[in-house]
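Structural overview for review
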Amino acid sequence: MIEADGLTKEFDGFRAVDSISLNVPAGKVLAVLGPNGAGKTTTVRMLTSILAPTSGWARIAGYDVVTHPEQVRASVGVLTEQHGLYERMKSVEYLDFFGEVYHLSRQVRRKRALDLMERFGLTFALKKRLGEYSKGMKQKLALVRAMLHDPAVLLLDEPTSAMDPQSARQVRDAIVELEGEGRTFLLTTHNLTEAEQLADTIAVIRHGRIIAHGTFDELAQRFVGDPLMELRVRGQLNGATKEIADVVRVEETGSDWLRYRTSDPAATNPALLHKLTGFGVDVITLSPVQRTLEDVYLQIVKEDEQQGASPDDDSR
Amino acid sequence: MTTAASSPTSVTRSDAPIYDRTWLKTLRNALIITRREVKDSFSDWRILWPIVVLTFFFPFLAQFLAARFTGFVTDFGAEIIGERTIPFLLMIVGFFPISMSMVIALETFVGEKERRSLEPLLSTPLTNTELYIGKTLSAMIPPLVSSYGGMTVYLGSLLFGDLAWRPQPMLIVQIILLTTVQALVMVTGAVVVSSQTTSTRAANLLASFIIIPMALVIQGESFIMFIAPDAESPNGIGALWAIIGGMILIVGLLLRLGNSVFNREELLGRMIDNLNLKAIFAGIWRWTRAVDAKGTPARNLVEWYRKGVKMSLRNLGAASRIAIAVFVVAFVGGYAIGQLPQWQLPLPRDTSFQQPAELLGRYVGISADAINADGEANAVDSVPIPSRLRGMLFFIETNGRILIAATILSLFTFGVAALILTPAVYIVLGYIFGQVILAGYNPAFMFAAILPHGWVEIPVIVLATAAALRLGAIATRPPKGMTVGMAWTTAMGDTLKIGLGIVLPGLIFAGFLESFVTPYVLYSVLR
């Protein structure tokens, strides 16, 4: 649904996006993470046929962004970083205008507008001018605008940044539901918990380049290593740590707990439990230590910074 | 996520949404924008109130003023001034509301950019042209409605009021047309300004480039209305028709320019709020040295001539053909005008060229009276070399001044000035040539006076005109893949290359020929 290869954008010699390649199949969510100014918005603008790539190519829903710009824009729903509403209009008028631009019939656009307003809990504000909306309401209405023409692909820039937890939950639920219906999403966000919850794949972009991409597990494995397991026992471990050295390599230990990494928990954990039981150690819990996307993201950025600082590295 | 490695293929899907772009469809899509924006304008009291006041109150004030003024000047026997004030005030009644069109146009474009509401609109399937037409119309409709309304009220109050003014209908048509084209010029100009700026403040500052020339035009029109000898003509005032024609031409060029700069890339990617003169000069210098389309600098003067200047000559393309055509038309037009009885000069049928021949003889240092039996001329003191060099410099300076003026003015007139200033001389030449033929003189002396240096000078002037035309006109339609700034910078580089590489040496050589060779040739023909 979203394909790109070598997508590059330069402004007066400055390379804002540098050879980005993407492939997001239908019904999947890609989260694009990165610091401010990394090139996320420029990438979205190229994928919306607003900016022409300097080199490389991209296709959205099968349409080339350069040769079929109108079809591309008809196939995508875009939530821009700034909601950009016409503040003197009322929501119904506003959505009616955009519905007409997308060539929806009067009946269809009215029905879809009302349905979406209801879905996002905005029905009570139908007669209010948009200038009177709160920031979160404006963002939700902008999301309604992006979904109005029922696009196959949604490019959402910080979809829940200004929302209260309940509204953010509504939006996340809607994304999951639409994903289930086969819609494809590209989210750019700084909310790593949200990205972890929603994304099938994650791309980290920095200085216009994708510096890491993959599923959360793949990224975690690559950047923070094997899953970390924590074992807690009744009483003292005493000399048990030494006895299990042939089964696992202990990374940290306390009087009644220890942590170790394993690439194959299914094989390692039963063997470890068997050995400890043999020594008469009572195991209370054995569980993986939660790894967050934040840990992974920070590690990715840290490694990229180190690479950038290395005198041997001539890539930047 | 996996990396796509396949190459792109052109896609035409059977289930593709249909976005056929017939003119009707384009207009229909544009009108979606127009309807929203006009509605938005009329819902804003800051726009609505001035429209109401200017439509329903100001015309009565103007009518009152017209009546008082007419009465006043009539007391002093100057009825004609009073009469001519009435259409002038009609024009003012029409102009005040349209002055607002520029404010709306500036606000509509840059205001949207400032409020960040432009990007959602740019993300829709509407084409750049549809957005441009829709927004241009929306900036024009409210002020024009007010303007026509105001003029109708004013005319009604005059036709049925105390003054009982009975104007020539064509004058009314002219004033309505002037109002409309003025609104178009301001709106299309404002679109160009506002699509390139990031703040209303910057747009308002740059808008003075539109307001000042427009104010001058209005003053000119007022002056013409007062003094025009054909003010009572049923065909309208000739000078006003010329202004209407000129404004339509400018509207056409501004529309082209607007349509080329009003694109998504320019709107979101290019800003002229920060003018980087150093970068601009560096760009011009780069393209002045360039030997290819990539901007590779010439390694030496020979390469610069062989590749760089040659490339710039090729780039002139259509501009050269247009320039040649305009020069030919100017010459032929001058000749044709000279054939009209009212324009013919009463030249004597029989005349002698003895006197000019003697003068030239003295200039070149040959005595016409002293031709001996063998046909050899006796030498006399000729004009000294320094004086001839001064003459040469004079010819170079005269031609150079015109060409520089044409190039500079061309920048502000989208190339039109280049096609008026330099070919104007050729209208005169054509006219004189026509008179010479009519008077029955041998035209050989004309050829002798022009061709010895003209074989160099004329092509050089045509080339310089073509370069100036391209430089001015390129902003209205930059080559594909280039922004206006890039196109202008490369065109400036080409112009400098042609100027320094061909025009300047050409003018020097032509000046030398005109000062040192042409007089001999002409003398030999005249004596």
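Residues numbered from 1 in each chain as written. Chains lettered and ligands numbered in written order. Predicted model: local features only at pLDDT ≥ 70, side-chain atom pairs only at ≥ 80, totals over all residues. Heavy atoms only, no water.

What about the overall build of chain A?
Along chain A, the regular secondary structure elements total 11 helices and 14 strands. For chain A, the spread of C-alpha atoms along the principal axes amounts to about 75 × 50 × 30 Å. Taken across its 316 residues, chain A has 51% of its residues classed as buried. Look at the contacts in chain A between residues 6 or more apart in sequence, and 69% of them connect residues 24 or more apart. Split by element, the accessible area of chain A, about 14200 Å² in all, is 47% carbon and sulfur. Within chain A, the 45 negative side-chain charges are centred at a point lying 7 Å from the centre of the 38 positive side-chain charges. (Helix = DSSP H or I, 4+ residues; strand = E, 2+ residues; numbered from the N terminus. Buried < 20%, exposed > 50% of the residue type's maximum accessible area, 1.4 Å probe, protein only. Contact = heavy atoms within 4.5 Å. Areas by Shrake-Rupley, 256 points an atom, 1.4 Å probe, with all protein chains shown as cover. Lys, Arg positive; Asp, Glu negative; His and termini not counted. Charge placed at Lys NZ, Arg CZ, Asp CG, Glu CD.)

Considering the sheet that holds strand β4 (residues 55–60) of chain A
All names here are of chain A. Read across the sheet, four strands follow the order β2-β1-β4-β5 without closing on themselves; strand pairing throughout is antiparallel. Of all strands in the sheet, those with a lone pairing partner are β2 (14–24) and β5 (63–64), marking the two edges. Where strand β1 (residues 2–11) and β4 come together, five bridges link them in antiparallel fashion. Counterpart to Thr 8 in the pairing with β4 is Ser 55. Contacting β1, β2 and β4, helix α1 (residues 40–47) crosses the sheet at an angle of about 115° to β1. (Pairing = 2+ DSSP bridges. Axes fitted to C-alpha atoms, helices over the stretch in contact; angles between N-to-C directions.)

Topic: helix α5 (residues 135–147) of chain A
In a regular helix each residue adds 1.5 Å, so 13 residues correspond to 18 Å; α5 of chain A covers 19 Å between its end C-alpha atoms and thus fits that length. Burial analysis of α5 of chain A places 12 of its 13 residues in the buried class, the great majority of the element. Regarding α5 of chain A, the residues found buried are Gly 136, Met 137, Lys 138, Gln 139, Lys 140, Leu 141, Ala 142, Leu 143, Val 144, Arg 145, Ala 146 and Met 147 of chain A. The inward-facing, buried residues of α5 of chain A contact β6 (76–79), α3 (91–101), α4 (106–119), β7 (153–157) and α6 (165–180) of chain A together with α4 (118–122) of chain B. (Expected span 1.5 Å × (residues − 1).)

Remarks on the domain arrangement of chain B
Residues and elements named next belong to chain B. Partitioning chain B into domains gives domain 1 (23–269) and domain 2 (354–413 + 442–526). One C-alpha centre belongs to domain 1, the other to domain 2, and the line joining them spans 44 Å. The interface of domain 1 with domain 2 comprises six residues on the first partner and seven residues on the second. Summed over the shared surface of domain 1 and domain 2, the result is zero salt bridges. Across the domain 1-domain 2 interface, the total number found is zero residue pairs in polar contact (both at pLDDT 80 or more). Here the element with the most residues in the side of domain 1 that touches domain 2 is helix α9 (residues 238–261); it accounts for five residues. For the side of domain 1 that touches domain 2, a count of residues per class yields three nonpolar, one polar and two charged. (Domains from an automatic or database assignment. Salt bridge = Lys/Arg side-chain N within 4 Å of Asp/Glu carboxyl O. Polar contact = N/O pair within 3.5 Å; in protein donor to acceptor, adjacent residues only side chain to side chain. Nonpolar A, V, L, I, M, F, W, Y, C, P; charged D, E, K, R; others polar.)

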